[in-house]
Amino acid sequence: MSTDEFYMAKALQLAEQAGAAGEVPVGAIVVKDGEIVGEGFNQPISGCDPTAHAEIVAMRNAANNLSNYRLSDCDLYVTIEPCTMCVGAMVHGRIRRVLFGALEPRAGALQSQLQLMDQSHYNHSIEWQGGVLAQECGDLISLFFRRKRESKSQ
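A quick note: this is a predicted structure, and the numbers were derived from the prediction, not measured.

Draft legend 1. Region of the structure containing the state of the cysteines. Considering all chains together, one arrives at zero disulfides under this definition. No disulfide involves C48; its sulfur sits 18 Å from the nearest other cysteine sulfur, which is in C86.

Draft legend 2. Fine view of the packing of aromatic side chains. For the coordinates displayed, the defined rule picks out four aromatic pairs. Judged by centre distance (6.0 Å) and plane angle (20°), the ring pair of F100 and W128 falls under stacked. Taken together, the residues F100 in strand β4 (residues 97–102) and W128 in strand β5 (residues 127–129) connect sequence positions 28 residues apart. Taking the relative accessible area as the measure of exposure, F100 reaches 0% and is therefore buried. Taking the centre distance of 5.1 Å and the plane angle of 80° together, the rings of F144 and F145 count as edge-to-face. Ring pairs connect the aromatic residues F6, Y7 and Y77, which therefore count as one cluster.

Draft legend 3. Region of interest: the environment of A134. Following the sequence through the fold, A134 ends up in helix α4 (residues 134–153). Residue class for A134 comes out partly exposed when judged on its relative accessible area of 29%. Along the primary structure A134 and I80 are separated by 54 residues, whereas in three dimensions their C-alpha atoms are 8.3 Å apart. Setting aside residues no more than four positions away along its own chain, A134 makes contact with G101 and A102.

Draft legend 4. A look at the pairing of strand β2 (residues 35–41). Inspection of the sheet shows strand β1 (residues 27–32) paired to β2 by six bridges, in the antiparallel sense. Looking at the pairing, A28 lines up with G40 of β2.

Draft legend 5. Up close: helix α3 (residues 84–93). Listed in full, the buried residues belonging to α3 are C86, V87, M90, V91 and G93. Buried residues belonging to α3 abut α2 (54–66), β3 (74–80) and β4. At the C-terminal side of α3, R94 shows a positive phi close to 65°.

Draft legend 6. Structural context of the pattern of salt bridges. Tallied over the entire structure, the rule returns four salt bridges. Among the salt bridges present, the one from D49 reaches R60, with a minimum N-O distance of 3.6 Å. With D49 in the loop between β2 and α2 and R60 in helix α2, this pair connects stretches of sequence that are 11 residues apart. Three or more residues are tied together by salt bridges with common partners; here these are D4, D75, R96 and R97.

About the cut-offs
- Residues numbered from 1 in each chain as written.
- Predicted model: local features only at pLDDT ≥ 70, side-chain atom pairs only at ≥ 80, totals over all residues.
- Heavy atoms only, no water.
- Disulfide = S-S within 2.5 Å.
- Phe/Tyr/Trp six-rings, centres within 6.5 Å; stacked < 30°, edge-to-face > 60°.
- Helix = DSSP H or I, 4+ residues; strand = E, 2+ residues; numbered from the N terminus.
- Buried < 20%, exposed > 50% of the residue type's maximum accessible area, 1.4 Å probe, protein only.
- Contact = heavy atoms within 4.5 Å.
- Pairing = 2+ DSSP bridges.
- Salt bridge = Lys/Arg side-chain N within 4 Å of Asp/Glu carboxyl O.

Here it is as structure tokens:
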């Protein structure tokens, strides 16, 4: 298992916690110098907070733990391709690198739709890579929504 897969597996564990709480199962961690400095999972429903995506929660946790709103030299691992809001927060937080698992075909802002990091007008650029444990991450989301559809049809 590579280092990136190791950290994504940790994010997957957090995603499972989100799913168990009835949230869309997305998990994220922030790593600096080989140490997990922040973690989070989706909480918009339980937190009554539309901004409580896993990435935002993990970045808030990391910023608090590091006592710095800049997350320079930090890598963020998230189980699904980030949305526009989350990519914007990553730019403002100066995340160094983003690694995600599964694509988000409708709202993904790095590869699937907007390709935000291909734009030249940002004051900070983020390296990114998709597909880390993509099958496992995608399966978790698919299973969650399949179960949701099945429970509605009963």
